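One-letter residues, chain by chain:
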Amino acid sequence: MVLPLTLELRYADGSRETRDLPVEMWNLGSRFTARLTTTRRIVAAVVDPKGIYPDVDRSNNGWPR
């Protein structure tokens with residue numbers, strides 16, 4: 001099942017921001033690099049932060065792990 005992606009960015013100051021990436025990114029191959037502009041330091045990124053997408057292995061949904 002191909003779906004758009006919700007990405008949560010966590011910043012060093014404790015704030016969080018959610019970005020939605022379009023479903024079309026899956027047409028670009030098995031790897032996709034999203035370049036996101038921000039002035040704050042990112043300390044973590046989480047795919048599907050609410051856990052609503054079907055996923056058999058949620059242990060690989062975050063950076064750092």
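Residues numbered from 1 in each chain as written. Predicted model: local features only at pLDDT ≥ 70, side-chain atom pairs only at ≥ 80, totals over all residues. Heavy atoms only, no water.

J.: How should the pairing of strand β2 (residues 16–21) be read in this particular structure?
T.: Regular strands place side chains that alternate from one sheet face to the opposite one. Judged from the 6 bridges that link them, strand β1 (residues 5–11) and β2 form a sheet pairing that is antiparallel. Its bridge partner being in β2, Thr 6 is matched across the sheet by Asp 20. Where β1 hands over to β2, the hairpin turn is made up of 4 residues, of which Gly 14 adopts a positive phi near 95°. (Pairing = 2+ DSSP bridges. Helix = DSSP H or I, 4+ residues; strand = E, 2+ residues; numbered from the N terminus.)

J.: I would appreciate a short explanation of the sheet that holds strand β3 (residues 42–47) in the present structure.
T.: Whenever strands of a sheet pair, they do so through backbone hydrogen bonds, lying parallel or antiparallel. The antiparallel open sheet is built from 4 strands, whose spatial order is β2-β1-β3-β4. If you trace the sheet from one side to the other, it starts and ends with β2 and β4 (62–63), each paired once. Inspection of the sheet shows β3 paired to β4 by 2 bridges, in the antiparallel sense. Considered in β4, the bridge of Ala 45 is made with Trp 63.

J.: It is not clear to me how the pairing of β1 should be interpreted in this structure. Could you clarify?
T.: Of all 7 residues in β1, 6 are buried, a share of seventy percent or more. As paired elements, β1 and β3 share 5 bridges and run antiparallel to each other. Across the sheet, residue Leu 9 finds its bridge partner in β3, namely Ala 45. (Buried < 20%, exposed > 50% of the residue type's maximum accessible area, 1.4 Å probe, protein only.)

J.: Would you mind showing me how to read the confidence of the model for the protein chain here?
T.: Low pLDDT means the predicted coordinates in that region are not meant to be read closely. Counting all residues, the mean pLDDT for the protein chain is 89, and 97% of those residues have values of 70 or more. Summarising per-element confidence for the protein chain, the mean pLDDT is lowest in β4 (92) and highest in β3 (95). (pLDDT = per-residue confidence, 0-100.)

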